[in-house]
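# Observations on chain architecture
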Amino acid sequence: MVASLGHAVLRGRKVVVSAGPTYEDIDPVRFIGNRSSGRMGFAVAEAAAQAGAEVTLVAGPVSLATPPGVAHRVDVRSATQMRDAVVAATANADIYIGAAAVGDYRPAEVSDHKIKKRDGAALELSLAENPDILGTLAAQTVRPFLVGFAAETHDVERYARDKLARKGLDMIAANQVGGGLGFEAADNALTLYGPEGAIELPRASKTELARQLVAKIAERYAAVRG
Ligand code: CTP
Ligand code: CA
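Residues numbered from 1 in each chain as written. Chains lettered and ligands numbered in written order. Predicted model: local features only at pLDDT ≥ 70, side-chain atom pairs only at ≥ 80, totals over all residues. Heavy atoms only, no water.

Let us now look at the coordination of the calcium ion (ligand 2). Distances from the calcium ion (ligand 2) to its protein donors, Asp 104 (OD) and Asp 104 (OD), fall within 2.4 to 2.5 Å. Take Asp 104: it is sitting in the loop between β6 (95-98) and β7 (105-107). (Donors = N, O, S within 2.8 Å, 3.2 Å for Na, K, Ca; no water. Helix = DSSP H or I, 4+ residues; strand = E, 2+ residues; numbered from the N terminus.)

This part takes up the site of ligand 1. Taken together, Gly 98, Ala 100, Val 102, Asp 104, Pro 131, Asp 132, Ile 133, Leu 134, Gly 148, Phe 149, Lys 163 and Lys 167 make up the full set of residues near ligand 1. Separating an oxygen atom of ligand 1 from a backbone N or O atom of Gly 98 is a distance of 2.6 Å. The backbone of Ile 133 places a nitrogen or oxygen atom 2.9 Å from a nitrogen atom of ligand 1. When ligand 1 sits alone it has 570 Å² of accessible area, and the protein chains cover 77% of it. When atoms are counted within 2 Å of each cavity's grid points, the one that captures over half of ligand 1 is the largest pocket. Taken together, the elements giving at least two residues each to the shell around ligand 1 come down to α4 (133-138) and β9 (145-152). Along the lines of polarity and charge, the residues of the shell around ligand 1 split into 6 nonpolar, 2 polar and 4 charged. (Near = heavy atom within 4 Å. Polar contact = N/O pair within 3.5 Å; in protein donor to acceptor, adjacent residues only side chain to side chain. Areas by Shrake-Rupley, 256 points an atom, 1.4 Å probe, with all protein chains shown as cover. 1 Å grid on protein atoms, 1.4 Å probe; cavity = no way out; pocket = protein on both sides within 12 Å on 5 of 7 lines; lining within 4 Å. Sits in = over half its atoms within 2 Å of the grid points. Nonpolar A, V, L, I, M, F, W, Y, C, P; charged D, E, K, R; others polar.)

Residue placement: Ser 18 occurs in strand β1 (residues 14-19). Engagement of the side chain of Ser 18 in a polar contact is seen with the side chain of Tyr 96, the distance being 2.9 Å. With near-sequence residues (within four places) excluded, Ser 18 lies in contact with Gly 41, Val 58, Met 82, Val 86, Tyr 96, Ile 97, Gly 98, Ala 99 and Ala 100. (Contact = heavy atoms within 4.5 Å.)

A few words now on the pairing of strand β4 (residues 54-59). For β4, the buried fraction is high: 5 of the 6 residues fall into the buried class. One ladder, built from 6 bridges, connects β1 with β4; its direction is parallel. The residue bridging Lys 14 from the neighbouring strand is Glu 54, located in β4. When β4 meets strand β5 (residues 72-75), the two strands line up parallel, connected through 4 bridges. Counterpart to Leu 57 in the pairing with β5 is Arg 73. (Buried < 20%, exposed > 50% of the residue type's maximum accessible area, 1.4 Å probe, protein only. Pairing = 2+ DSSP bridges.)

So, about the nonpolar core. Val 44, Val 55, Ile 97, Phe 149, Leu 190 and Leu 213 are the most contacted members of the largest nonpolar core, which totals 38 residues. Tallying contributions element by element places helix α2 (residues 39-50) first for this core, with 8 residues. Residues in contact with Val 55, not counting those within four places in the same chain, are Val 15, Val 17, Ala 45, Ala 48, Ala 49, Val 70, Ala 71 and His 72. Counting 23 residues, the second largest nonpolar core, distinct from the first, contains Met 82, Ala 93, Ile 133 and Ala 174. (Core = buried A, V, L, I, M, F, W, Y, C linked by side-chain atoms within 4.5 Å.)

Set out below in structure tokens:
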């Protein structure tokens, strides 16, 4: 019943999903990245497409095939490239689901040549903060329904609720990273927080969890925007 409701609500809706890590170049051969595999975001994109949405998937550097039914895919590398692609793709979108693990910092300067060792002297990298993609969308007067993710190693609920409020989101999907869950793992478990309270989605494959998450997003979207 929930799944069929999701199908009805999302049919023809424009949904943008970001997925995967970002890579921030240090020099022509090195970068700062993170352990996101992109699998959760790709599963969410597939589930939204199955529910009848017109899905645009903005993907960081991942080795994953485009899921069946996904209408558009934009491949990016850095956080600023992802921000630009997401802002463009969400111009007339109904829902944005930020499943990407966006790098928080990038090297303040990118060296155009390979940085050489310095005879034992320490190397210091200066980092600049990246733009917040969800924050950028939240600041727009006309904005899509915004769903964020919060992957935390501790104090999951506190940090997730804080991000929900601070970023001005409609919903946040929080998960504990580690213990066979989360990054680089096949399984995940999520707790959804929104103005209506908390909803537990217990441990399951990322595919199954993505279906349940998309159904909950559809329900909530219908309640506030339908
Ligand atoms: N996010 C984003 N742009 C960024 C960083 C994060 O849109 N530059 C989004 C992520 O895609 C995710 C949500 O914000 O949906 C939470 O990401 P997270 O890294 O947990 O939050 P931060 O605000 O970066 O806080 P911190 O890393 O310090 O926990
Ligand atoms: Ca972060």
